[in-house]
Amino acid sequence: MSHLPDISELLVNQKLTLKEALIVINENTQGVCFVVDDDGKLAGVLTDGDIRNLMIKGATLDSLIAKVMNTAFVFLNINTPQNIIQESLTNVIRHIPLVDDNNIPVDYACFSRLHRTPIMQPLLNGNELAYLSDCIKTGWISSQGAYVKRFEKEFADYCGAKYAVAVSNGTVALHLALAALDIGPGDEVIVPDLTFAASINAIIYTGATPVVVDVDRVTWTISVDDIIKNITPRTKAIMPVHLYGHPCHMDEIMQIAEQHNLLVVEDCAEAIGSHYKGKHVGYHGDSSTYSFFGNKTITTGEGGMVFFKTQEAYEKAVVLRDHGMSKQKKYWHEYVGFNYRMTNLQGALGCAQLERINEFVESKQKLAKAYNAILSDLKCFELPPEEAWAKSGYWLYTAILNKNEDMSRDSLIEKMLKNGVETRPVFYPLHEMPPYKQYPTKSTFENSKFISKQGISFPSSVNITDDEIQNIKQALQTIVRSKELKTN
Ligand SMILES: Cc1ncc(COP(=O)(O)O)c(C=O)c1O
């Protein structure tokens, strides 16, 4: 994708000649220039076609723009919603100047600028359609059917796990894991401050009390020191979250768990394909959970999986997943259970996605290398962690914008969007949000607050194109090297 010129490369003063307008058009390669007056206010739009028409009607290269230009033109305010801008672009009006409240052009819209590189999109061009069609043709569309069992077995084999329970999403996977391990009212569960809210919500669903702790400055995952600081006689479990694909310090966590007789539930939602010391994440915990939401490394649309260490917990989870109904005696309920079953349609998608899991993980790791090279060059980012003992699955490539008075992460996000690139801030610290403020903690959250404020995630789809990466690189270079990041 050729680099789209900045607005400044499209501007021409109305006192200049048509020849000078043509030079601007020639250099910006867009076939258009925006005419401004001496105060920089927008006065007109001139395309190369307009100039041709003017010359047929008698204008010359030396004619003054102000004298001959057409003053009927389309422009929009910079704050116009994207959909309205999109609707205003046509085959005739291919470039629209975007002005501020003083009528000064500050940006422009065109079709190629409206192409947006999404933060994540699924790739479903393998056997997904064939397996889904099979479900529909055979009528096996709810939770009975061969694909669910096959997906459980194949995903467990991939991760090196023994007991697998497929469920309807990653949030209920966490809830089911905690419930099957008998975690409930009176118990405390230690959870990191930086994670998607589903981690803490699942703890709250059980009636247990979440204890939110800070994250490690290097790996951005749960801080081992802060776990120790927050253990009380009521602590029942630790929930390490392998944030953005980087594994937690599992040896240290397991050692603490052993010393204090605690359970460990690993939230691996973001860590499909991640390894800790050569083993898939999820290997250590009493239970580990996964999400197959549409933005995850492999997806079933919505979906999740729980692994257990013991057969006992596994069997309880299977019953809990299905309304707490006895396996031996139909409609006899042993527990207040849930309907957390995965459908055969989801299982079919999962089986098809699993066939390409190595390809997907490798492409994310390759993308991370490309981003590392781009961001290193810019010298204003801290790259995502990858400790010597870790292999990140790089679910979502995330870096930290260095703390610098002149730069704001949020204005970088805004500018990237104007260049057609969706980025995303790191999660808000849990402890700052209304539902979670009430829970006791001895942590002070220096690290989570910093990472949350400065962290930014970049598009990480497995099918991102080289052109898109090039566009992201150019947008970043232009933004970072200009003064536009300055907060004002
Ligand atoms: C760390 C973490 N845990 C749990 C979940 C919940 O998974 P789901 O969206 O499938 O419910 C997600 C994300 O979606 C997540 O990022």
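Look above for the structure.
So, here is what we can say about the structure in this document. These numbers were taken from a predicted model, which means no experiment stands behind them. Within every chain, residues take consecutive numbers counted from 1 along the sequence as written. Totals for whole chains, interfaces and linings use every residue, but because this is a predicted model, local features are given only for residues with pLDDT of at least 70 and side-chain atom pairs only at 80 or more, for both listing and counting. For side-chain calculations, the full set of non-hydrogen atoms in the structure is used, while hydrogens and water are omitted.

### Describing the overall build of the chain
Helix numbering and strand numbering both begin at the N terminus, where a helix is a DSSP run of H or I of at least 4 residues and a strand a DSSP run of E of at least 2. Of regular secondary structure, the chain possesses 17 helices and 20 strands. Projected onto the principal axes, the alpha-carbon positions of the chain cover approximately 95 × 55 × 35 Å. The buried share of the chain, reckoned over its 488 residues, is 54%. Every residue pair with non-hydrogen atoms within 4.5 Å of one another is taken to be in contact. The long-range share in the chain, meaning contacts at least 24 apart out of those at least 6 apart in sequence, stands at 67%. Summed over its atoms, the accessible surface of the chain is roughly 22,100 Å², and 52% of this surface lies on carbon and sulfur atoms. None of His or the chain ends enter the tally, which takes Lys and Arg as positive and Asp and Glu as negative. Charged side chains are reduced to one point each, which is NZ for Lys, CZ for Arg, CG for Asp and CD for Glu. A gap of 2 Å separates the mean positions of the 47 positive and 57 negative side-chain charges of the chain. Between buried and exposed lies partly exposed: a residue is buried under 20% and exposed over 50% of the maximum accessible area for its type, with that area taken using a 1.4 Å probe on protein chains only. In short, Shrake-Rupley with a 1.4 Å probe defines the accessible areas, and a residue's cover is counted only from the protein chains shown.

### Digging into unusual backbone geometry
Positive phi outside glycine occurs at threonine 29, with the angle close to 60 degrees. Take threonine 29: it is sitting in the loop between α1 (18-28) and β2 (32-36). Of note, the phi angle at lysine 379 is positive, near 60 degrees, even though the residue is not glycine. One can find lysine 379 in the loop between α14 (357-378) and β16 (381-382). Here lysine 379 falls in the exposed class, since its relative accessible area comes to 67%.

### A few points about the site of the ligand
Throughout, near means a residue has at least one heavy atom within 4 Å of the molecule or strand. The local shell around the ligand holds 16 residues, among which Gly170, Thr171, Asp267, Glu270 and Ser291 are the closest. What qualifies as a polar contact is a pair of N or O atoms within 3.5 Å, subject to a donor-acceptor requirement within protein and to the restriction that residues adjacent in sequence count only when both atoms come from side chains. Serine 291 is positioned with one of its side-chain polar atoms (N or O) 2.7 Å from an oxygen atom of the ligand. At 2.9 Å from an oxygen atom of the ligand is found a side-chain nitrogen or oxygen belonging to lysine 296. Computed on the free molecule, the ligand has an accessible area of 380 Å², of which 92% lies beneath the protein chains in the complex. For the shell around the ligand, the element with the most residues is helix α8 (residues 170-180), which contributes 3 residues.

### With respect to helix α15 (residues 409-418)
Along α15, the residues that are buried comprise Arg409, Ser411, Leu412, Ile413 and Met416. Packing partners of the buried residues in α15 comprise β16, β18 (398-401), β19 (424-425), α16 (446-454), β20 (455-457) and α17 (466-481). Between a side-chain oxygen at the N-terminus of α15 and the backbone nitrogen of aspartate 410 the separation is 3.2 Å; the capping residue is serine 408. One or two residues past the end of α15 sits glycine 420, with phi positive at roughly 80 degrees.

### A short note on the layout of surface pockets
Here the largest pocket is characterised by a volume of approximately 470 Å³. Within this scheme a cavity is a closed region of a 1 Å grid, computed over the protein atoms alone, that accommodates a 1.4 Å probe without allowing it to escape, whereas a pocket is open but has protein on both sides within 12 Å along at least five of seven lines; lining residues each have an atom within 4 Å of a point. The wall of the largest pocket is formed by 23 residues, among which Val45, Leu46, Thr47, Asp50 and Val92 lie closest to the centre. Taken together, the elements giving at least two residues each to the lining of the largest pocket come down to β3 (42-47) and α2 (48-56). When residues are grouped by polarity, Ala, Val, Leu, Ile, Met, Phe, Trp, Tyr, Cys and Pro land in nonpolar, Asp, Glu, Lys and Arg in charged, and all others, Gly among them, in polar. Across the lining of the largest pocket, the residue classes tally to 11 nonpolar, 8 polar and 4 charged. Grid points are joined across faces, edges and corners, and a volume is the space filled by probe spheres set on the points.

### Side note on the sheet that holds β3
DSSP bridges decide pairing: two strands pair if at least two such bridges lie between them. Taken together, the 3 strands give an open sheet; going across it, the order is β1-β2-β3, and neighbouring strands pair in mixed fashion. Among the strands making up the open sheet, the edge pair consists of β1 (11-13) and β3. Direction aside, the axes of adjacent strands within the sheet are offset by 35 degrees on average. With 3 bridges connecting them, β1 and β2 associate as parallel partners. Each residue of the ladder has a partner; that of valine 12, found in β2, is valine 35. A fitted line through C-alpha atoms serves as each axis, taken over the contacting stretch for helices, and the angle formed by two N-to-C directions is quoted from 0 to 180°. α1 rests against β1, β2 and β3 of the sheet, and its axis sits at about 130 degrees to β2.

### As for the side chain of histidine 242
Inspection of the secondary structure assignment puts histidine 242 in the loop between β10 (235-238) and α11 (250-260). Residues in contact with histidine 242, not counting those within four places in the same chain, are Pro247, Cys248, Met250, Glu266, Asp267, Cys268, Glu270, Ala271, Val281 and Gly282.

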